[in-house]
Amino acid sequence: MRWAALVGGTGTNLGALIAAEAPIALVVSHKPGVGALDVAAAAGIERLVLDPRAYPDRDRYDAALLERLRAHGIEALVLAGFLRILTPPVVRAYVGRALNVHPSLLPAFQGLHAVRRALRYGVKVTGVTVHLLDEGLDSGPIVFQEAVAVRPDDTEDSLTERLHAIEHRLLPKAVRLLDQERLIVAGRRVHIRED
Ligand code: GRF
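Attention in this report is confined to the structure presented alongside it.

**Quick look at the overall build of the protein**
For step 1, the next point in the chain: Scanning the protein from N- to C-terminus turns up 6 helices and 9 strands.
For step 2, the next point in the chain: Radius of gyration (C-alpha) of the protein: 16 Å, near the 16 Å computed for a compact globule of 195 residues.
For step 3, the next point in the chain: With respect to the principal axes defined by its C-alpha atoms, the protein has extents near 50 × 40 × 30 Å.
For step 4, the next point in the chain: Every one of the 195 residues in the protein was classed for burial, and the buried ones make up 46%.
For step 5, the next point in the chain: Element-wise, carbon and sulfur atoms account for 52% of the exposed surface of the protein, whose accessible area totals about 9,800 Å².
For step 6, the next point in the chain: In the protein, which carries 24 positive and 23 negative side-chain charges, the distance between the mean positions of the two groups comes to 3 Å.

Below, the structure written as structure tokens:
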């Protein structure tokens, strides 16, 4: 499948996907000048910046995004630091073929600043979730989850670092399974078909 990675941050997950030879044909960032674009450039992957400030509203932004994805023949999406909610037309175009990674054990701490909010809440365990996209916020069927113990002296940075290491392992694995059409969705449950 031809994949697009949707990004907007430092690009460590994109780097992990590239290192795992995920078939990323296009990288789309919602922010200019982010590290993820440099990671894409270094790997010789085509880049596209779609800045929301250039569009009057979310619907028009997503229409432009969908048009570009289609023009590039993109068949699947991996969201890795793309901090925007996608509207139903985009989600429906890629239903069952779009993955997101989130730094919490969903459904806890959906949305922005999940690591900071988990620490402030005082949780003893948090983790990483890789899930399929649906029309809600970080709410689609779960592919992988892995827990991490919070240490008494953890800061947002130290905890993020441990979570990232897990993300970098789980996200390429999920992309590979979806690419091989081995993720079987039954309602909210996602099963992995063995080879
Ligand atoms: C990751 O922590 C991911 O869970 C969240 O955004 C962050 C992206 O980091 N969705 P990076 O750009 O891959 O380094």
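Next comes the rest of the account.
**What to know about helix H1 (residues 12-19)**
For step 1, the next point in the chain: Looking only at H1, the buried set comprises Asn13, Leu14, Ala16 and Leu17. End-on, the buried residues of H1 take up no more than an arc of 160°, which puts them together on one face.
For step 2, the next point in the chain: Once H1 finishes, Glu21 follows within two positions and takes phi at roughly 60°, a positive value.

**Comments concerning unusual backbone geometry**
For step 1, the next point in the chain: With omega at 15°, the peptide bond leading from Leu106 into Pro107 counts as cis.
For step 2, the next point in the chain: Residue position: Pro107 is located in the loop between strand S5 (98-102) and helix H5 (114-121).
For step 3, the next point in the chain: If you check the backbone angles, Phe109 has positive phi at about 55° while not being a glycine.
For step 4, the next point in the chain: A relative accessible area of 16% means that Phe109 is categorised as buried.
For step 5, the next point in the chain: Phi at Glu181 takes a positive value of approximately 55°, unusual for a residue other than glycine.
For step 6, the next point in the chain: Since its relative accessible area comes to 47%, Glu181 is described here as partly exposed.

**Thoughts on helix H6 (residues 156-179)**
For step 1, the next point in the chain: Look at H6: 33 Å from first C-alpha to last across 24 residues, which is about the 34 Å you get at 1.5 Å a residue.
For step 2, the next point in the chain: Along H6, the positions that sit buried rather than exposed are Leu159, Arg162, Leu163, Ile166, Glu167, Leu170, Leu171, Pro172, Ala174, Val175, Leu177 and Leu178.

**Quick word on the side chain of Ser104**
For step 1, the next point in the chain: Mapped onto the secondary structure, Ser104 falls in the loop between S5 and H5.
For step 2, the next point in the chain: Among all residues touching Ser104, those that are not within four sequence positions of it are Phe109, Ala114, Thr126, Gly127, Val128 and Thr129.

**Examining the packing of H5 against H6**
For step 1, the next point in the chain: Interhelical geometry of H5 versus H6 gives an angle of 120° and a closest axis separation of 10 Å. Between H5 and H6, the angle is such that the two are oblique. The handedness of the crossing between H5 and H6 comes out as right-handed. Each of Val115, Arg116 and Leu119 in H5 lies in contact with H6, whose residues at this interface are Glu156, Leu159, Thr160 and Leu163.
For step 2, the next point in the chain: Looking at the contact of H5 with H6 residue by residue, the classes come out as 4 nonpolar, 1 polar and 2 charged.

**Some thoughts on the environment of Tyr94**
For step 1, the next point in the chain: Mapped onto the secondary structure, Tyr94 falls in the loop between helix H4 (88-93) and S5.
For step 2, the next point in the chain: Given a relative accessible area of 5%, Tyr94 falls into the buried group.
For step 3, the next point in the chain: The spacing of Tyr94 and Ala76 is 18 residues in sequence and 6.4 Å in space, taken between C-alpha atoms.
For step 4, the next point in the chain: Excluding anything up to four places from it in sequence, Tyr94 contacts Leu66, Leu69, Arg70, Ile74, Glu75, Ala76 and Leu77.
For step 5, the next point in the chain: Within the local environment of Tyr94, its side chain forms a polar contact with the backbone oxygen of Ile74, the two atoms lying 2.8 Å apart.

Calculation rules
- Residues numbered from 1 in each chain as written.
- Predicted model: local features only at pLDDT ≥ 70, side-chain atom pairs only at ≥ 80, totals over all residues.
- Heavy atoms only, no water.
- Helix = DSSP H or I, 4+ residues; strand = E, 2+ residues; numbered from the N terminus.
- Rg over C-alpha atoms; globule rule 2.2 N^0.38 Å.
- Buried < 20%, exposed > 50% of the residue type's maximum accessible area, 1.4 Å probe, protein only.
- Areas by Shrake-Rupley, 256 points an atom, 1.4 Å probe, with all protein chains shown as cover.
- Lys, Arg positive; Asp, Glu negative; His and termini not counted.
- Charge placed at Lys NZ, Arg CZ, Asp CG, Glu CD.
- Arc of directions from axis to C-beta.
- Expected span 1.5 Å × (residues − 1).
- Contact = heavy atoms within 4.5 Å.
- Axes fitted to C-alpha atoms, helices over the stretch in contact; angles between N-to-C directions.
- Parallel < 35°, antiparallel > 145°, perpendicular 65-115°, else oblique.
- Left-handed = near helix turned anticlockwise from the far one by under 90°.
- Nonpolar A, V, L, I, M, F, W, Y, C, P; charged D, E, K, R; others polar.
- Polar contact = N/O pair within 3.5 Å; in protein donor to acceptor, adjacent residues only side chain to side chain.

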